[in-house]
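# Geometric and topological summary
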Amino acid sequence: MQNIRNFSIIAHIDHGKSTLADRIIQECGSVSAREMTAQMMDTMEIEQERGITIKAQSVRLSYVKDGQPYILNLIDTPGHVDFSYEVSKSLASSDGALLIVDAAQGVEAQTLANVYLAMENNLEIIPVINKIDLPAAEPERVAEEIESSIGIDATDALLISAKTGIGIRALLDAIVERIPAPVGDPEAPTKAIIYDSWFDPYLGAVGLVRVFDGAISKGQQVKLMANGEVHQVLDLMYPHPLHRQKTTIINSGEIGIVIMGLKDVGSIKVGDTITDAKRPTAEPVGSYEPAKAFVFAGLYPIDTDKFEDMRDALDKLRLNDSSLSYEPETSIALGFGFRVGFLGMLHMEVVKERLEREYDLDLIATAPSVVYHVTLTNGEEVKVQNPSEMPEPNYITKIEEPYVKATVITPTDYLGNIITLLTNKRGMQLKMDYLNEKRVLLEYSIPLNEIVVDFYDTLKSTSKGYASFDYEASGYQEGDLVKLDVRVAGDIVDALSIIVPRSQSEQRGRALVSNMKELIPRQLFEVAVQASVGNKIIARETVKSMGKNVTAKCYGGDITRKRKLLEKQKAGKKRMKAIGKVNLPQEAFLSVLKMD
Amino acid sequence: MLLYLHIPFCDSKCSYCAFNSYTHLHHRRARYMTQIVEQFLHDVEELQLPKAIFRTLFIGGGTPSTVDAALYERFFEVVRPYLAHDAEITTEANPNSATLTWLAQMRVLGVNRLSLGAQSFDEGKLTWLHRAHASHHIDEAVHAAYSAGIRNISIDLIYGTALDTPALLERDIERAFVLPISHLSAYALTIEEHTPFAATPQVARESLEMTQKLFEAIDAHGFAQYEISNFGTPSRHNLGYWEYAPYLGIGAGAVGRIAEHRRYTHTDVDAYIADPLYRTLEHLSPSDMRIEKILLGLRSRVGVDTALISDTSRIDALIEEGLAFVENNRLYAKSYLLADEIALFLE
Ligand SMILES: Nc1nc2c(ncn2[C@@H]2O[C@H](COP(=O)(O)OP(=O)(O)OP(=O)(O)O)[C@@H](O)[C@H]2O)c(=O)[nH]1
Ligand SMILES: C[S@@+](CC[C@H](N)C(=O)[O-])C[C@H]1O[C@@H](n2cnc3c(N)ncnc32)[C@H](O)[C@@H]1O
Ligand code: SF4
Ligand SMILES: [Mg+2]
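Residues numbered from 1 in each chain as written. Chains lettered and ligands numbered in written order. Predicted model: local features only at pLDDT ≥ 70, side-chain atom pairs only at ≥ 80, totals over all residues. Heavy atoms only, no water.

### Brief notes about the environment of B:Arg257
Residue and element names in this part refer to chain B. Filter applied, for reference: Secondary structure follows DSSP: runs of H or I at least 4 residues long count as helices, runs of E at least 2 residues long count as strands, and numbering of each begins at the N terminus. Note on contacts: a residue pair qualifies if any of its non-hydrogen atoms lie within 4.5 Å across the two residues. Polar contact is the term for a pair of N or O atoms within 3.5 Å; when the atoms are in protein, one must be able to donate a hydrogen and the other to accept it, and sequence-neighboring residues count only if both atoms are side-chain atoms.
Looking at the secondary structure, you find Arg257 in strand β10 (residues 255-258). Discounting residues that sit within four places of it in the chain, Arg257 has contacts with Tyr244, Ala245, Pro246, Tyr247, Arg262, Leu284 and Met289. Within the local environment of Arg257, its side chain forms a polar contact with the backbone oxygen of Ala245, the two atoms lying 3.5 Å apart.

Following this line, the structure appears as structure tokens:
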């Protein structure tokens, strides 16, 4: 156990965690030169395409220092705020953390969020300043920033370039020297925490564990403490992005994959404790809070016959994404679909894209909504996840909406604009700290609804990409809110309803219909688009009817070609949703939340 | 049944044109004209066609007037027994090669209708379209056809180009109606792949207002619109396509449809000459044929049998919005300009 080091790599998005993981794997000789690719811990296609990590990944490595062999168990974590749950899980099975900070960017909002998580877990934190190869790198300034904003000693921060490999050897030595070996009792009853689980097409449902006490051996009868189920361990493996290695035992202090021949990942709960069936441990390790959905949106198959296919697809996707929650819902406009809970907008995008790509579905997503707490005149309190289900105003005593504590770090140049942005979004300033003379940290209390959709993009464009942002839930507050409906060709389209502050309803209504007008292609008929609150129409636009759609020449030789052209146009229309006689494109459903 | 003969030769290639035609294969003409006879005899035999079955013959291209009339003699000889006694026999021709001699000889062979590719009377536009003739050639060719005894004369115009102005189109119409024509085709420029214009698709520029004015101007000369691009005394051949009549295609790249099979020959001239009997068949499903009937019917005065449309509420919606009407169980588009969009709506 003395020779084991368990650690996570944590940082703000894009500060180079996955690239550093590549270098460490390479330095440990764990993949051949031929197998080496960029960001190899990002094994999902969508991670590679977008160049971001979505799911934490573990790897077991061997390293020799001063003639002594060591086992390094590394966990690469995502940086995006939507996936901070992955960071929490990873830290709970680590003994230390490498805090990566981009030498050109400095401390960012998720740097702080993630380092606080590591501190809560009492982990040894090694500050690492990355990308020192960049011309704009300012390692001294960044080291100062780490000290002033986080309050940890950065005098022996490591200076590296994950891209060129500078400083990697020294970093590995520091890991061995500074991260404590795991503590645990090898003789005590088995006690291991499941910190990840997924469905493998060949192995079935599997759990990734960190063993604290005792060991897990092949053939052992183990108990899952949450539900009391007993299973036999069929196989054990050490994690690796390319080649997992089989083993017969995972000892105290180690990590490994446990295969029990289970079909249903539901019984392998992340956060659960595995123990010996005959000699159980007294107390579970302690569990994590399950990931909590922040925003909810309707997802509907465009082809109404695909509802059951979509249910299958969601069931399968959940096997690898335990943070996904959903229940069936119906919409007058869209038919049968699901209300799906997401960790944030990126998570929503990823889930929708995976459903469409991996399960060959065409989906319409409605504008995401938060959960409102509504007190009715009869004293009852209801939770409203779907704006169209908001009760009529005369039945409502009060509506409360979720707030978050938002942290923004920005260069002072953009401070004014960012404060204006936050104020327009109904934010209340809690704190303003100068990290140094050039950078400021802002803390705001702000309704979650205001930051759900385009806040991140606006913040980035307001600050030329320099400001960063993080948030955490901070409870509910009453608001003066109303339901804004959209009528297309006279009828309310339930899937387009949104909840807005009463004071903004007119302005939002106008912006919304003019956006919709641009997005709805001309059709055979003139289409009226209206915004209304209750029975009052507050804005109206008209999409003019189409003037011409016909090909000039059609003779005996090209009838087949003309038919195929028509079928292609038809397929294009099928990607839109027919609401009565009107075809609405996907973007129309999301556009309701766009402010300008 | 309709009969189509394709002549894949042209003197030059126009900027917009994607038709199967070649400018450097004139030396293959004689050989080609014997092979079409082979194909015709074979097809007639294979399909067991009775005499006088064809109510129309259309010789299209390419440019039929690039081939000497003498080379058509053998073809007419074998085809004649299969033509109805009152068959409409059209040939396309280009103004620079439709000489009085050629037209007179074709008339003798039986041609009774001419479709002349004028495109425009504006010299600048003709050059820009890369046409091989000037505007006076159009006048000369039409008069020549008339003197040769061909009294059913049509000319083609192209509109919807970057060069168009209301004045230009107006002049084109005025010039056209000075001539003794009985029919006019006006095609909106379509950008086709693998044509010079494909590199600059913005040259196709149509204004709905100009189009409507053009239609009105043609109508004012007493030529009724019976299809999106056709006006005047209808071409029985083209109307036959829109009515979904079966047709036989002879020549390189000529297409035919007999019942549920669309038939294709080799498009390459040499390949066709080597094997004029070669054929690929496309099977049309009942749904393919249904869509085609809707597509073709809506773009012309043919209309669509309402029994072909399953969702009658859609018909009602169209009528309510004033976009279509029904007469004797046939649905007609009020304006052919929306034919494809209405077909999509009904699908
Ligand atoms: N110049 C330079 N670029 C680097 C270095 N390390 C990483 N990068 C680049 O920074 C970008 C982000 O790198 P990643 O390793 O994907 O970052 P990450 O922290 O894993 O990002 P998330 O997982 O999305 O949070 C990539 O384009 C890398 O090539 C470095 O040392 N120098
Ligand atoms: C089969 S073409 C050839 C006839 C003859 N060779 C000629 O050029 O006059 C018949 C007509 O189709 C029209 N046409 C061909 N290509 C076109 C295009 N891309 N867009 C619009 N009309 C086109 C032209 O008006 C042309 O006269
Ligand atoms: S438009 Fe007529 S002349 Fe011009 S290339 Fe096409 S077929 Fe030949
Ligand atoms: Mg990463």
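### Observations regarding the environment of B:Glu341
Stated precisely, the cut-off is as follows: Per-residue accessibility, obtained with a 1.4 Å probe over protein chains only, is compared with the maximum for each type, and a residue is labelled buried under 20%, exposed over 50%, and partly exposed between these values.
Within the secondary structure layout, B:Glu341 lies in helix α12 (residues 339-346). Look at B:Glu341 and you get buried, because its relative accessible area is 5%. Spatially, the C-alpha atoms of B:Glu341 and B:Leu295 are 9.6 Å apart, while their sequence positions differ by 46 residues. For B:Glu341, the contacting residues outside a window of four places in its chain are A:Leu524, A:Met546, A:Asn549 and A:Lys573.

### Some points on the site of ligand 1
All names here are of chain A. Basically, it comes down to this: Summary of the distance rule: residues count as near a molecule or strand when at least one heavy atom falls within 4 Å of that molecule or strand. Per-residue and other accessible areas follow the Shrake-Rupley method at a 1.4 Å probe size, with only the shown protein chains counted as cover for residues. The residue classification treats Ala, Val, Leu, Ile, Met, Phe, Trp, Tyr, Cys and Pro as nonpolar and Asp, Glu, Lys and Arg as charged. All others, Gly included, are polar.
Lining the immediate surroundings of ligand 1 are 19 residues, of which Lys17, Ser18, Thr19, Thr53 and Asp133 lie closest. Ser18 has a polar side-chain atom sitting 2.8 Å from an oxygen atom of ligand 1. Measuring from an oxygen atom of ligand 1, one finds a side-chain N or O atom of Thr53 at 2.7 Å. When ligand 1 sits alone it has 650 Å² of accessible area, and the protein chains cover 84% of it. Of the residues forming the shell around ligand 1, the biggest block, 3 residues, is contributed by helix α1 (residues 17-27). Across the shell around ligand 1, the residue classes tally to 4 nonpolar, 10 polar and 5 charged.

### What to know about the coordination of the magnesium ion (ligand 4)
Residues and elements named next belong to chain A. Using the following cut-off: For Na, K and Ca the donor cut-off is 3.2 Å, while for other metals it is 2.8 Å, and in both cases only N, O and S atoms qualify; water is not among them, so sites may look incomplete.
Distances from the magnesium ion (ligand 4) to its protein donors, namely Ser18 (OG) and Thr53 (OG1), fall within the range 1.9 to 2.0 Å. Residue Ser18 is found in helix α1, and its partner Thr53 is found in the loop between α2 (45-50) and β2 (57-65); the two are separated by 35 residues along the sequence. On the basis of relative accessibility, which here comes to 7%, the residue Ser18 falls in the buried class. Judged by relative accessible area, Thr53 falls into the buried class, the value being 8%.

### A word on the nonpolar core
Under the convention used in this document: Only buried residues count toward a nonpolar core. Its members are Ala, Val, Leu, Ile, Met, Phe, Trp, Tyr and Cys residues joined through side-chain atoms within 4.5 Å.
In this structure, B:Tyr32, B:Phe40, B:Tyr72, B:Ile155, B:Leu184 and B:Leu298 are the most contacted members of the largest nonpolar core, which totals 101 residues. When near neighbours in sequence (up to four residues on either side) are disregarded, B:Tyr72 contacts B:Leu5, B:Ile7, B:Met33, B:Ile59, B:Pro64, B:Val67, B:Trp102, B:Met106 and B:Leu109. The next biggest cluster of nonpolar side chains, apart from the first, holds 50 residues, and it includes A:Leu299, A:Ala406, A:Leu442 and A:Leu448.

### A word on the pairing of strand β27 (residues 481-488) of chain A
Residue and element names in this part refer to chain A. The following threshold applies: Between any two strands, pairing holds if DSSP finds at least two bridges.
For β27, the tally of buried residues reaches 8 of 8 residues, placing the bulk of the element in the interior. Burial along β27 is two-sided: the face carrying Leu481, Lys483, Asp485 and Arg487 and the face carrying Val482, Leu484, Val486 and Val488 are both buried. Note: β27 against strand β30 (residues 527-533), 4 bridges, orientation antiparallel. The partner of Val488 across the bridge, within β30, is Val529. Connecting β27 to the antiparallel partner strand β28 (residues 491-492) that follows it, the hairpin turn spans 2 residues, and Ala489 within it adopts a positive phi of roughly 50°.

### Comments concerning helix α8 (residues 345-358) of chain A
Residues and elements named next belong to chain A. What counts, and what does not: Between the first and last residue of a helix there are one fewer steps than residues, each counted as 1.5 Å, and that sum is the expected span.
With 14 residues, α8 extends 19 Å from end C-alpha to end C-alpha; this agrees with the ideal 20 Å at 1.5 Å per step. Among the residues making up α8, those that are buried are Leu346, His347, Met348, Val350, Val351, Lys352, Arg354, Leu355 and Glu356. Residues of α8 that are buried make contact with α2, β17 (295-301), α7 (307-320), β19 (335-342), β20 (363-365) and α14 (586-591). With its phi angle positive at about 55°, Asp360 sits one or two positions after the end of α8.

### Here we look at the sheet that holds β19(A)
Where strands meet in a sheet, backbone hydrogen bonds hold them as pairs that are either parallel or antiparallel. Residues and elements named next belong to chain A. Stated formally: Orientation is described by lines fitted to C-alpha atoms, with helices fitted over the stretch in contact, and by angles between N-to-C directions that extend from 0 to 180 degrees.
What the 4 strands build is an open sheet, ordered β18-β19-β17-β20; its pairing is antiparallel. Two strands in the sheet have a free side with no partner beyond their single neighbour: β18 (325-331) and β20. Adjacent strand axes in the sheet meet at a mean angle of 30° when their direction is disregarded. Taken together, the 3 bridges between β17 and β20 define a ladder with antiparallel strand orientation. When the sheet's bridge partners are listed, Pro301 is paired in β20 with Leu363. Packed on one face of the sheet, α7 meets β17, β18, β19 and β20 and runs near 15° to β19. The strands that α8 touches are β17, β19 and β20; relative to β20, the one it contacts most, it runs at about 165°.

### With respect to the pairing of strand β16 (residues 273-276) of chain A
All names here are of chain A. Pairing geometry for strand β7 (residues 191-200) and β16, over 3 bridges, is antiparallel. Bridge pairing in β16 places Ala192 opposite Ile274. One ladder, built from 3 bridges, connects strand β10 (residues 221-224) with β16; its direction is antiparallel. Counted as the bridge partner of Val222 is Asp276 from β16.

### Details of the interface of chain B and chain A
Applied cut-off: Accessible surface is computed with a 1.4 Å probe, and the buried area is the amount of it that two parts give up when combined, taken over both parts together. Every case where a carboxyl oxygen of Asp or Glu lies within 4 Å of a side-chain nitrogen of Lys or Arg is listed as a salt bridge.
Contacts between chain B and chain A engage 40 residues on the former and 27 residues on the latter. Across the chain B/chain A interface, buried area totals approximately 3,200 Å², and carbon plus sulfur atoms make up 61% of it. Counting across the chain B and chain A interface gives 6 salt bridges. In this structure, A:Arg563 and B:Glu292 form a salt bridge, with 2.4 Å as the shortest nitrogen-oxygen distance. Where chain B packs against chain A, one counts 18 residue pairs in polar contact (both at pLDDT 80 or more). At the level of elements, β6 (183-188), α8 (236-242), β11 (261-264), α10 (286-298), α11 (312-320) and α12 of chain B are the ones that each hand at least two residues to the side of chain B that touches chain A. A total of 7 residues in the side of chain B that touches chain A trace back to one element, the largest contributor, which is α12(B). Each residue belonging to the side of chain B that touches chain A can be placed in one class, and the counts come to 26 nonpolar, 2 polar and 12 charged.

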